[in-house]
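# Commentary on secondary and tertiary structure
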Amino acid sequence: EKEQIAAGATKKKVEKKTKQPVRLYAKGVILGYKRSKSNSYANCTLLKVDGVRTREDAAWYFGKRVAYVYKAKKEVKNSKFRVM
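Scope of this entry: the structure provided in the associated data block. (Residues numbered from 1 in each chain as written. Predicted model: local features only at pLDDT ≥ 70, side-chain atom pairs only at ≥ 80, totals over all residues. Heavy atoms only, no water.)

### Some thoughts on the pairing of strand E2 (residues 40-49)
Note the following rule: At least two bridges found by DSSP between two strands is the condition for calling them paired. Counting from the N terminus, the helices are the DSSP runs of H or I reaching at least four residues and the strands are the DSSP runs of E reaching at least two.
Judged from the seven bridges that link them, strand E1 (residues 28-35) and E2 form a sheet pairing that is antiparallel. Each bridged residue has a counterpart across the sheet, and for Gly32 the counterpart in E2 is Leu46.

### Brief notes about a nonpolar patch on the surface
The test is simple: In this scheme, patches are assembled from residues that exceed 30% relative accessible area and form no salt bridge. Like charges are connected within 9 Å, while nonpolar side chains (Val, Leu, Ile, Met, Phe, Trp, Tyr) are connected within 5 Å. Here, Shrake-Rupley sampling with a 1.4 Å probe gives the accessible areas, and only protein chains in the shown set may cover a residue. A side-chain nitrogen of Lys or Arg and a carboxyl oxygen of Asp or Glu constitute a salt bridge if their distance falls within 4 Å.
Where nonpolar side chains cluster on the molecular surface, the patch consists of Ile30, Leu47, Val66, Tyr68 and Met84 and spans about 510 Å² of accessible area. With respect to the helices, strands and loops of the structure, Tyr68 is situated in the loop between helix H2 (55-59) and strand E3 (69-76).

### Some details on the environment of Lys71
Counted only if it meets this: Only protein chains enter the calculation, and the probe is 1.4 Å; a residue is then buried if its accessible area is under 20% of its type maximum, exposed if over 50%, and partly exposed in between. Whether two residues are in contact is decided by their heavy atoms: any pair within 4.5 Å suffices.
Inspection of the secondary structure assignment puts Lys71 in strand E3. When its relative accessible area of 61% is taken as the criterion, Lys71 is described as exposed. A sequence separation of 12 residues divides Lys71 from Val83, and the C-alpha atoms of the two residues are 8.9 Å apart. With near-sequence residues (within four places) excluded, Lys71 lies in contact with Lys80 and Phe81.

### Examining unusual backbone geometry
Of note in the backbone geometry, Lys77 takes a positive phi value of approximately 55 degrees without being a glycine. For Lys77, the position within the fold is in the loop between E3 and strand E4 (79-83). The backbone phi angle of Asn78 is positive, close to 60 degrees, even though this residue is not glycine. Within the fold, Asn78 resides in the loop between E3 and E4.

In C-alpha cells:
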C-alpha cells in the first residue's frame, strides 16, 4: 500500500507552465459627454473602446477607471508620457 501511495504522489506533480503576459489596459477614444439636444452631463463620459462591439462586451468595462495618456515634449521622471 505504501508503494501505491508513493507512486500516486509522484504522478500528481505537474510542471508549471510559463504564463503569458496579461494585458492590463485597452486602448480607446473619448467621444465626449453624455448629452441630449440641449443638456450635457459632465459627470458621464462616453468612450469607444477598441474591440468592443456589443452591449455584452461593453458590460465588463462598466464602472472601470480610465487613464488619459498623452505624450509631452519635456521629460519628467525619465518619461515623456503623462497620465491623467
